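Breakdown of the fold
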Amino acid sequence: MKFVMTQAVCQEGMDLLDDKTEVYIADNPDPNNYLNEMEDADALIVRIAKCDGEAIEKSKNLKVIGRTGVGYDTVDVKAATKRGIPVIITPGANNRSVAEHAIAMIFALSKNLYECQTELCKGNWEIRGAKKAFELEHKKIGIVGLGAIGRETAKIAKGCGMEVAGYDPFMKQDQVEALGAKYYGDLKELLADMDIVSIHVPLTEDTRNMITKDELKLMKKTALLINCSRGGIIDEKDLVEALKAGEIAGAGLDTFCTEPLCVGDEMLSCPNLIVTPHSAAQTREAVIKMATMCVNGCLSILEGKKWPYVADPSVYDHEKWKDSEWANL
């Protein structure tokens, strides 16, 4: 049995593989660059990387693809499903980690921490009077996408005394209200009303460029915008222009259209913007949970058992999965 990994998972994940398992660690984000290793691979684990249809088609022995995370926009799921190859994901493994990161960005922006430190290090004590800091209690936060991470973010925000609202086109009003959130059926209305907006949706054709200059103009000039989901949901150029023009007060981004972010990217010198290197899910706890869940899922598939946490459940309609049993979790 052979595993190929774009990058190594943590030791706890590696420990689940026995001595009979061959492991090739590429330290390269594109399997097309090592197709000789992919030819006889049974499993591919994709971390900060991609796997397109060409790599899948040329990996004739491939039986499963694992993603250490919940996003799978970098994997050609359609091509994998066509061949009956499940794409394993790890829902729930990083919920708390990402939610805490989003809230941390909100705290940092609301207290103007980054600018205060930067200016203080230059000797500017008077930055304390910038009048940008504000309290979060009673502020309205709109959660865009009330999946597991969005719900966890809402829970923490509520504990901080914020008034929570939610927009999710896949949820009915009673479902949103059952979470203790005010229901919004229109994204634009939510954007206009909120003091803080935190985005927690996957990147799809429907969510790409969900936030552009038109949406940003609807927001309060005192509002904050947080994105710990995927790059491409916010038009980055429009966001930079809005921040420079003072159309919104601040933003926090953990994900970007192009990763890694280039040193000269204008976002790195944009005012009132906090950026982190797609690290929201990289706490010690989340890394271990994602790795072990991903490896266990891949091993179950290789044993001929259906694993429930897959990007496209219709993969099990493929003839190769006929009469197969489900894995015991």
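Structural notes, computed from the coordinates. (Residues numbered from 1 in each chain as written. Predicted model: local features only at pLDDT ≥ 70, side-chain atom pairs only at ≥ 80, totals over all residues. Heavy atoms only, no water.)

1. Details of the overall build of the protein
Counting its regular elements, the protein contains 12 helices and 12 strands. Against the compact-globule benchmark of 20 Å for 329 residues, the protein has a radius of gyration of 22 Å, which places it among compact chains. Each principal axis of the C-alpha distribution contributes one length, and for the protein these read about 65 × 50 × 30 Å. Taking all 329 residues of the protein together, the buried fraction comes to 51%. Of the contacts made within the protein by residues no fewer than 6 positions apart, 56% connect residues no fewer than 24 positions apart. With 39 positive and 51 negative side-chain charges, the protein shows a spacing of 3 Å between the two charge centroids. (Helix = DSSP H or I, 4+ residues; strand = E, 2+ residues; numbered from the N terminus. Rg over C-alpha atoms; globule rule 2.2 N^0.38 Å. Buried < 20%, exposed > 50% of the residue type's maximum accessible area, 1.4 Å probe, protein only. Contact = heavy atoms within 4.5 Å. Lys, Arg positive; Asp, Glu negative; His and termini not counted. Charge placed at Lys NZ, Arg CZ, Asp CG, Glu CD.)

2. Topic: the environment of V287
With respect to the secondary-structure elements, V287 resides in helix α12 (residues 284–302). Relative accessible area serves as the criterion here: at 22%, V287 is assigned to the partly exposed category. Between the C-alpha atoms of V287 and W321, which are 34 residues apart in sequence, the distance is 30 Å. Among residues more than four places away in sequence, those in contact with V287 are C10, A281 and Q282.

3. Some thoughts on the sheet that holds strand β9 (residues 196–199)
With parallel pairing, 7 strands are arranged side by side in an open sheet as β8-β7-β6-β9-β10-β11-β12. The outermost strands of the open sheet, each flanked by one partner alone, are β8 (182–183) and β12 (273–275). With 3 bridges connecting them, strand β11 (residues 250–253) and β12 associate as parallel partners. Counted as the bridge partner of A251 is L273 from β12. Here helix α11 (residues 236–245) sits on the sheet in contact with β10 (224–227), β11 and β12, set at roughly 150° to β11. (Pairing = 2+ DSSP bridges. Axes fitted to C-alpha atoms, helices over the stretch in contact; angles between N-to-C directions.)

4. Describing the packing of helix α5 (residues 95–110) against helix α7 (residues 148–159)
In the contact formed by α5 and α7, the axes pass within 8 Å of each other and the chain directions differ by 50°. Judged on the interaxial angle alone, α7 and α5 are oblique. α7 is crossed by α5, and the crossing has right-handed handedness. Between α5, through N95, R96, V98, A99, E100, A102 and I103, and α7, the contact on the second element is made entirely by A148, I149, E152, T153, K155, I156 and A157. Along the lines of polarity and charge, the residues of the contact of α5 with α7 split into 8 nonpolar, 2 polar and 4 charged. (Parallel < 35°, antiparallel > 145°, perpendicular 65-115°, else oblique. Left-handed = near helix turned anticlockwise from the far one by under 90°. Nonpolar A, V, L, I, M, F, W, Y, C, P; charged D, E, K, R; others polar.)

5. Things to note about the pattern of salt bridges
Applying the stated criterion to the full structure yields 15 salt bridges. When the shortest N-O distance is used, the salt bridge between R96 and E100 registers 2.8 Å. Within this pair, R96 and its partner E100 are both found in helix α5, separated by 4 residues, close to a single helical turn. The exposure class assigned to R96 is partly exposed, which follows from its relative accessible area of 38%. The class for E100 is partly exposed, based on a relative accessible area of 41%. The partner of K155 in a salt bridge is E152, with the nearest N and O atoms 3.3 Å apart. Taken together, the residues span about one helical turn, with K155 and E152 both in helix α7 at a distance of 3 residues. (Salt bridge = Lys/Arg side-chain N within 4 Å of Asp/Glu carboxyl O.)

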